[in-house]
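# Fold and contact review
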Amino acid sequence: MTERQVRVRFAPSPTGPLHIGGVRTALYNYLFARRNGGKMVFRIEDTDSRRFVPGAEEYIIESFKWLGIKFDEGVSYGGEHGLYRQSERRDIYKKYVDVLLNGGKAYIAFDTPEELDEKRKEIANFQYDAHTRMQMRNSLTLSKETTTRLIEEGQQYVVRFKVEPGEEIHVDDMIRGDVCVKSDIIDDKVLYKSADELPTYHLANIVDDHLMEISHVIRGEEWLPSAPLHVLLYRAFGWEETMPRFAHLPLLLKPEGKGKLSKRDGDRLGFPVFPLEWHDAKTGEVSAGYRETGYFPEAVLNFLALLGWNPGTEQEIFTLDELVKAFDITKCSKSGAKFDYQKGIWFNHEYILKKSDTEIAKLFAPIVANNGVDTSMERVTQVVHMMKDRVNFVHELWSLCSFFFIAPTEYDQKTVKKRWKDYSARQMAELSKVLRDIDDFSIEGQESVVMKWVEANDYKLGDVMNAFRLALVGIGKGPGMFDISSFLGKEETLKRLHAAIEALG
């Protein structure tokens, strides 16, 4: 028997924005496929028409474009396995529903919601299964004629899978090993609803995975309870030999306390849980996105890759290609991974440092222009070189270094009180004369002359430099003083010194 090509899939539902946990699932599928020379399929699972949200599918596609996760086939990509939206495949599913019904593996049930509620009141912990199905209104308890008549009369029904009791179901999980479940705890799941002529997740999932030749199903831990049912469905269709291997990923947990990461955690602690900003059409609420917050997509992927997977080395910064080479799904954790959003910020800072000054300057230049400054890219790049190691996001640069482009109009009072001495105005007036006479206004040219002047006058270097900084910057922060004055040039430096002397006295 020839070895199957590795084929994985990511199959979100268009019921809202893509959660960051879903991004991690897609990333692990991508890494696994690329690591094994396989392909990745993008499928939209939209069988629950009641939960469909307009714009969600487009949002998901745009998210992956921004992140740089590329699919080989699927919705918006095309491919040889037919339609990739489940809502467009209803005729295919109906055919397989009939296969199960004709083989005695499934049955038709007419129970109304009210009848089911009554049964739940009657039986504690009621589930529709081998122990209760014969008490219900279905094709197992009704005659064939009655069943046919009810269908012809247009009575709504569902098709339920017939789970036989007393079986041990083994799930071969690449992360958790052999997972064994007794069939008695599995209820007769609904596979198809006549109301919308669409299958439920369970049937559509299995049929699509089989027809699309999916070899490995890598999904979140929350789907682990469904795995035994899916194994039974593969058996019912006689598809055991093409059954995919499963891998159920650990949950992403709250940064604080217990439980699964939620949007509320992000709102409370101030970090996004969606890749892109999401506008809720119903409520008007806007939820933050990693892109709009200022994260680099590479930093987001690097951060997510290490939440629940360990490369077995001390390395933390990975390119996407390096992640592909290092990825081993068996090294995924079985237990949940705390969502350390502060670590995500650290990753973004590291990627700012990794990128060239020119790259960051291209991102910063529009911010400079939007603040009314008309300057060259060369000068923006110079500022980035001096300041990029001080920020976690590009948009933070302006508040830190606007003084390079705009002279201070006021001076931080705390710094004035602490740094502007009684003699500071006199010293700054002297310094302005010293600077005016310097021909070489480079960092080195200024430094040697000013230091000799400070020493010759027996001034305290700290007093001089702190007042000099306040005069040029307006606050007691920034890079080296001669870096600043050299960038500003002689004329602007002297202008700012005189303005400070006049304002502060």
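Small disclaimer: the values here were computed from a predicted structure and weren't measured. (Residues numbered from 1 in each chain as written. Predicted model: local features only at pLDDT ≥ 70, side-chain atom pairs only at ≥ 80, totals over all residues. Heavy atoms only, no water.)

Next up on the list: a negative patch on the surface. A cluster of like negative charges, contributed by Asp437, Asp439, Asp440, Glu444 and Glu447, occupies part of the molecular surface. In this structure, Asp437 sits in the loop between helix H17 (424–436) and helix H18 (443–456). (Patch = residues over 30% accessible without salt bridge, like charges linked within 9 Å, V, L, I, M, F, W, Y side chains within 5 Å. Areas by Shrake-Rupley, 256 points an atom, 1.4 Å probe, with all protein chains shown as cover. Salt bridge = Lys/Arg side-chain N within 4 Å of Asp/Glu carboxyl O. Lys, Arg positive; Asp, Glu negative; His and termini not counted. Charge placed at Lys NZ, Arg CZ, Asp CG, Glu CD. Helix = DSSP H or I, 4+ residues; strand = E, 2+ residues; numbered from the N terminus.)

Now for the UniProt feature "short sequence motif: 'HIGH' region" (unreviewed entry) in the protein chain. Under the present numbering, the feature "short sequence motif: 'HIGH' region" (unreviewed entry) in UniProt falls on residues 12–22. Counting secondary structure, residues 12–22 comes out at 27% helix and 0% strand; the distance between its end C-alpha atoms is 8 Å. (UniProt positions renumbered as here; feature names shortened; annotations may be inferred.)

Our focus in this paragraph is the side chain of Ser183. The residue Ser183 is located in the loop between strand E7 (177–182) and strand E8 (190–193) in this model. In terms of polar contacts, Ser183 uses its side chain to reach the backbone carbonyl oxygen of Glu164, at 2.7 Å. Once you skip the residues sitting within four places of it in the chain, Ser183 turns out to touch Val163, Glu164, Pro165, Gly166, Glu167 and Ile169. (Polar contact = N/O pair within 3.5 Å; in protein donor to acceptor, adjacent residues only side chain to side chain. Contact = heavy atoms within 4.5 Å.)

Quick look at the sheet that holds strand E2 (residues 39–42) now. Pairing within the open sheet is parallel, and its 3 strands lie in the order E1-E2-E3. Because the sheet does not close on itself, it has two edges, and the strands there are strand E1 (7–10) and strand E3 (73–74). Strand direction decides the pairing type here: E2 and E3, joined by 2 bridges, are parallel. Residue pairing in the sheet places Phe42 in a bridge with Gly74 of E3. On top of the sheet, helix H1 (residues 20–35) reaches E1 and E2; it is set at about 165° to E1, its chief contact. (Pairing = 2+ DSSP bridges. Axes fitted to C-alpha atoms, helices over the stretch in contact; angles between N-to-C directions.)

Here the focus is the nonpolar core. Phe64, Phe339, Phe364, Phe404 and Phe468 are the most contacted members of the largest nonpolar core, which totals 152 residues. In this structure Phe64 touches Phe10, Leu18, Ala26, Phe42, Ile69 and Phe71, once residues within four positions along its chain are discounted. (Core = buried A, V, L, I, M, F, W, Y, C linked by side-chain atoms within 4.5 Å. Buried < 20%, exposed > 50% of the residue type's maximum accessible area, 1.4 Å probe, protein only.)

Looking now at the sheet that holds E8. Across the sheet, 4 strands lie side by side as E4-E5-E8-E9; this open sheet has antiparallel pairing. Every other strand in the sheet has two partners, leaving strand E4 (106–109) and strand E9 (198–199) as the edge strands with one partner each.

Attention shifts here to the pairing of E4. Of the two faces of E4, the one holding Ala106 and Ile108 and the one holding Tyr107 and Ala109 are both buried throughout. Taken together, the 4 bridges between E4 and strand E5 (residues 158–161) define a ladder with antiparallel strand orientation. Across the sheet, residue Ile108 finds its bridge partner in E5, namely Val159.

Tallied over the full model, the rule gives 29 aromatic pairs. Here Phe271 and Tyr341 contribute two aromatic rings whose centre-to-centre distance is 4.6 Å and whose plane-to-plane angle is 15°, an arrangement assigned as stacked. Taken as a pair, Phe271 in the loop between helix H8 (263–269) and strand E13 (278–279) and Tyr341 in helix H12 (residues 341–354) lie far apart in primary sequence, 70 residues in all. Considering the side-chain rings of Tyr295 and Phe393, the 4.8 Å spacing of their centres and the 75° angle between planes classify their relative orientation as edge-to-face. One end of the pair, Tyr295, is in the loop between helix H9 (290–293) and helix H10 (297–305); the other, Phe393, is in the loop between helix H14 (377–387) and helix H15 (397–401), and 98 residues separate them in sequence. On the basis of relative accessible area, Phe393 is assigned to the buried category, the value being 7%. Pairwise contacts between aromatic rings join Phe271, Phe303, Phe339, Tyr341, Trp346 and Phe347 into one cluster. Lys94 extends its terminal NZ or CZ atom over the ring of Tyr192, reaching a point 5.8 Å from the ring centre. (Phe/Tyr/Trp six-rings, centres within 6.5 Å; stacked < 30°, edge-to-face > 60°. Lys NZ or Arg CZ within 6 Å of the ring centre and 35° of its normal.)

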